[in-house]
Amino acid sequence: MKYRHFSHKLSEIVLFFITFFVLILLWMFIPISHAQALETALIPNDPHYSLSAPYLNQIGVPKVWDKTTGSRDVVVAVLDSGVDIDHQDLRQNIWHNIAERANGIDDDGNGYIDDFDGWDFVSNDNGVGPDTSRKFSEAGIHHGTVVAGLIGAVGNNDTDSTGVNMKVKIMSLKVMDNHGKGDVLSVINAIDYAIAMKADIINLSFSGPESSQALKESMRKAHQAGIIVVVAAGNDNDDADSGNLDFFPKFPVCTDKNSDIDAVIGVGAVDEDDKLADFSNYGSCLDLVAPGVKMLSTLNHESGTDRFADTFGGYFSGTSLAAPLVSGTAALMKAQHPQWSQEDIVAAIYLTAEPVDFKNPEFTGKLGRGRLNAAKASRVKFEEVELMPERQPSVPEGILVVAPATDGFGEIRLYDVNDGYIDSFQPFGAVSTGLSFVVDDLEGDGNPEIIIGKDKALFIYNMQGEKLKRIPLRSNFDSKINIAVGDMQGNGDKEIFVTHESGTQLVWLYSKEGYDLGQFEGADEKVDGLRIAAADVTGDGAVEVIVGTTGRSKHADVWVHLFDGNLYTAFQAFTAADKMVHSEGVSLTMADLDNDGISEVVAGSHAGNSLIRSFTYFGALTGEFVAFDESFTGGVHLTSGDLEADGQDEIIVSAGAGGGPHVKMVDIQGNLKDEWFVFDNSFRGGVRVGFSK
């Protein structure tokens, strides 16, 4: 047998070969019924797809399939217990070394004879599949085939189910025996093989307690070769802190800890509710989490046997199942953007991960960047930056700031409209009420602030979550505070306008420093409270204040005031025929929808349906549409901004009370431009949203 020459120190290799490197099988068999599949844009015709749909939908894979279902030019090396390469739902996606022939000769000169299908680094031969002729464990014999199926079971072929990629190439490199055990030398040799054979991604669904400098060097070589290495975090979280990788590090997931390069993506497991799986490790070695509970996939199959009669099954749990979802997503990204570098793909995945700390408060800061979101990752755009050797994310077109509107957890989240989640903070701790706020650049210095109304005061935060100022309000009402910002006097200094949800129809003015500038009547009739917006609607260069009712109005729902507080005009935005709940009034924002330099008044039903209308300042209707399904009765919240950087504002609409975490960007006709799901899909408290360039 001919072997490749390696430069690793012989003493170290022998030490770790003899000192057993525990490669723990990272999944367990748990008989739990699967969750109901969600509706998707593309539903493959595979008979068991409904069993895979829950976790594929959880990470948004079907939405990526509208862009790409994968490519057989992308190669994922699966270092595991062997893959059933003749499996009916895998064989089309199995990688082959086309430079090799089955002739007993090393045709391509890579040091491995007849490695047409890959290599078995345990037995040192070319048999890359599970070997049932020897003693085995059920877990060990199926493990590699399960992992391969999650990455790339062939899709839409009316067979079994589908992986993250319907099309891909799986390189089977066997580094574990039939019981799921192996040694570090096999892993190092397999990584070197994957580098030499130009794999794009390496999946390592195993873990052990021993560190190895030789393995670390091998990982670094893979990284330098442009390969994305994805590693399972391990399943040791059975006792107090036993799963904390900062106390009890595991390898290879912690290989790059305290390193100057991020050589591996460490992956933990969450359940269908994004809660950390009770077995999953956690800590600073994690970069992401992904679904890893009650999973189903391809099984090692042998025709004519009872024991291996099934080609698909489960249910399995473990971080071993979470890692291939990340590997599969990286492969999808490579298929969608073949010109992207390793750094581009990893950055897109990291930037768009869904935060899950708020669902796992006891593991805050220990679950990496969040839960994998393939759909959002597929929407990231990169552009070449002149004079820069590396590709950089495109210049952000704006920041969405969101918070629960009613029942919630007091968290403000920031999203880049291109690149997804940025950060979050809880200005008042984990309160159970919603937050009322606006986003504006008060100082005009290019650094927007978040102004929050709470407890008879305004709290001003920067976008990093640092409190800058507290402004006590002269108004002494306990009801929710509504806020707008604008230069009402046209002198270059912005004012803050405050109304209350109930108890008064007055509008209070404050300077940005917090000085009381007076008040005026917001409505020319008795109303219970007012909502507020501000913009130049007349084209005179000064901001007008626009207020709308929070409750039933006899004559008008919207009033427009000049800079001195005098009423300029009033009109009724909705009538009884519109089937809105008049007792809840209107939601308001201002938007220049036609790029003429003058803002239109945009009013939405605050409860009832999700009807939205736009008006000129004197009440002429310029457009209308329904934002959400007509069966939805929670109303809407509104803001606006020039998200497309074309001089024309878009309307940003989110669901009102009782609604989910859905935020849409639409034009004046209601045509969808983009959309985001900013909290967990089960959240039903409505969303407040702000925007800043």
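Everything numeric in this text was worked out from a predicted model, so none of it was measured.

So, the pattern of salt bridges
Phase 1: Enumeration according to the criterion identifies 18 salt bridges in this entry.
Phase 2: Residues K221 and D192 are paired through a salt bridge, measuring 3.2 Å at the closest nitrogen-oxygen approach. One end of the pair, K221, is in helix 6 (residues 213–224); the other, D192, is in helix 5 (residues 184–196), and 29 residues separate them in sequence.
Phase 3: On the basis of relative accessible area, D192 is assigned to the buried category, the value being 4%.
Phase 4: Between R371 and D274 there is a salt bridge, with the nearest N and O atoms lying 3.0 Å from each other. Here R371 is found in the loop between helix 8 (342–351) and helix 9 (374–377), whereas its partner D274 is found in the loop between strand 7 (264–270) and strand 8 (288–291), with 97 residues between them in sequence.

Here we look at the sheet that holds strand 17 (residues 449–454)
Phase 1: With antiparallel pairing, 4 strands are arranged side by side in an open sheet as 16-17-18-19. Pairing within the sheet leaves two strands with one partner each, and these edge strands are strand 16 (436–440) and strand 19 (467–472). If you compare each strand with its neighbour and ignore which way they point, the axes differ by 20° on average.
Phase 2: As defined by bridge partners, strand 18 (residues 457–462) adjoins strand 19 across 5 bridges and the pair is classed as antiparallel. Residue A457 lies in a different strand from strand 19, and its bridge partner there is P472.

Observations regarding the nonpolar core
Buried together is how nonpolar side chains tend to be arranged in soluble globular proteins.
Phase 1: I265 and L325 are the most contacted members of the largest nonpolar core, which totals 66 residues.
Phase 2: In terms of residue count, helix 7 (residues 319–336) provides more of this core than any other element does, 10 residues in total.

Observations concerning the environment of Y282
Phase 1: In this structure, Y282 sits in the loop between strand 7 and strand 8.
Phase 2: Y282 sits 49 residues away from A233 along the chain, and the two C-alpha atoms are 7.3 Å apart.
Phase 3: Beyond its immediate stretch of four places on either side in the chain, Y282 contacts N237, D241, G243, N244, L245, L276, F363, K366 and L367.

Comments concerning the state of the cysteines
Such a bond, covalent and formed between the sulfur atoms of two cysteines, is termed a disulfide.
Phase 1: Applying the stated criterion across every chain, the model contains 1 disulfide.
Phase 2: Paired through a disulfide, C254 and C285 show a sulfur-sulfur distance of 2.1 Å. What sets the handedness of the C254 and C285 disulfide is the S-S torsion sign, and at about 115° it is right-handed. One end of the pair, C254, is in the loop between strand 6 (228–232) and strand 7; the other, C285, is in the loop between strand 7 and strand 8, and 31 residues separate them in sequence.
Phase 3: Assessed through its relative accessible area of 4%, C285 is described here as buried.

Description of helix 2 (residues 49–58)
Phase 1: Most of helix 2 is tucked away: 9 of the 10 residues are buried.
Phase 2: Those residues of helix 2 lying buried are Y49, L51, S52, A53, P54, Y55, L56, N57 and Q58.
Phase 3: With its phi angle positive at about 75°, G60 sits one or two positions after the end of helix 2.

Things to note about the layout of surface pockets
Phase 1: Each pocket or cavity is described by its volume, and for the largest pocket that value is around 1000 Å³.
Phase 2: Lining the largest pocket are 39 residues, with V439, D440, T589, T639 and S640 sitting closest to its centre.
Phase 3: Sorting the residues of the lining of the largest pocket by element identifies strand 16, strand 20 (481–486), strand 24 (530–535), strand 28 (586–591), strand 32 (636–641) and strand 36 (687–692) as the ones contributing at least two each.
Phase 4: When the residues that make up the lining of the largest pocket are grouped by side-chain class, the tally is 16 nonpolar, 13 polar and 10 charged.

Digging into the pairing of strand 16
Phase 1: When you tally the buried positions in strand 16, you get 5 out of 5 residues, the bulk of the element.
Phase 2: Here strand 16 shows no split at all, with S436, V438 and D440 on one side and F437 and V439 on the other all buried.
Phase 3: Looking at chain direction, strand 16 and strand 17 are connected through 5 bridges and run antiparallel. Note on strand 17: the bridge partner recorded for F437 is I452.

Thoughts on the packing of aromatic side chains
Phase 1: Counting across every chain of the model gives 14 aromatic pairs.
Phase 2: Judged by centre distance (5.9 Å) and plane angle (75°), the rings of F121 and Y193 are edge-to-face. With a gap of 72 residues between them, F121 in the loop between strand 3 (118–120) and helix 4 (138–152) and Y193 in helix 5 connect regions that are remote in the sequence.
Phase 3: By relative accessible area, F121 is classed as buried at 5%.
Phase 4: For Y193, a relative accessible area of 1% corresponds to the buried category.
Phase 5: The ring of F428 carries K454 above its face, with NZ or CZ at 5.0 Å from the centroid.

Analysis parameters
- Sequence order sets the numbering: in each chain, residues are counted from 1 along the sequence as written.
- In keeping with the predicted nature of the model, local features appear solely for residues at pLDDT of at least 70, side-chain atom pairs appear and are counted solely at 80 or more, and the whole-chain, interface and lining totals rest on all residues.
- Hydrogens and waters are ignored; side-chain quantities use all the structure's heavy atoms.
- In the sections that follow, a salt bridge refers to a side-chain nitrogen of Lys or Arg positioned within 4 Å of a carboxyl oxygen of Asp or Glu.
- For helices the rule is a DSSP run of H or I covering at least 4 residues; for strands it is a run of E covering at least 2, with both sets numbered from the N terminus onward.
- The buried label goes to any residue with under 20% of its type's maximum accessible area, the exposed label to any with over 50%, and the partly exposed label to all in between, with areas taken from a 1.4 Å probe on protein chains only.
- Here a strand pair is declared whenever DSSP counts at least two bridges between the two strands.
- The convention used is that axes are lines fitted to C-alpha atoms, helices contributing only their stretch in contact, and that angles between N-to-C directions extend from 0 to 180 degrees.
- Among the buried residues, those of types Ala, Val, Leu, Ile, Met, Phe, Trp, Tyr and Cys that are joined through side-chain atoms within 4.5 Å form a nonpolar core.
- We call two residues in contact whenever any of their non-hydrogen atoms come within 4.5 Å of each other.
- The disulfide criterion used throughout: a pair of cysteine sulfur atoms within 2.5 Å.
- A pocket here means an open set of points on a 1 Å grid, computed over the protein atoms alone, that has protein on both sides within 12 Å along at least five of seven lines. A cavity is instead a set of points where a 1.4 Å probe fits but cannot get out; residues with an atom within 4 Å of a point line either one.
- Grid points are joined across faces, edges and corners, and a volume is the space filled by probe spheres set on the points.
- In this classification, the charged set is Asp, Glu, Lys and Arg, the nonpolar set is Ala, Val, Leu, Ile, Met, Phe, Trp, Tyr, Cys and Pro, and all remaining amino acids, among them Gly, are polar.
- A pair of Phe, Tyr and Trp rings is counted when the ring centres sit within 6.5 Å of each other, with Trp represented by its six-membered ring. The angle between the planes then sorts it: under 30 degrees is stacked, over 60 is edge-to-face, the rest tilted.
- The rule for a charge over a ring is simple: NZ of Lys or CZ of Arg within 6 Å of the ring centre, and within 35 degrees of the ring normal.

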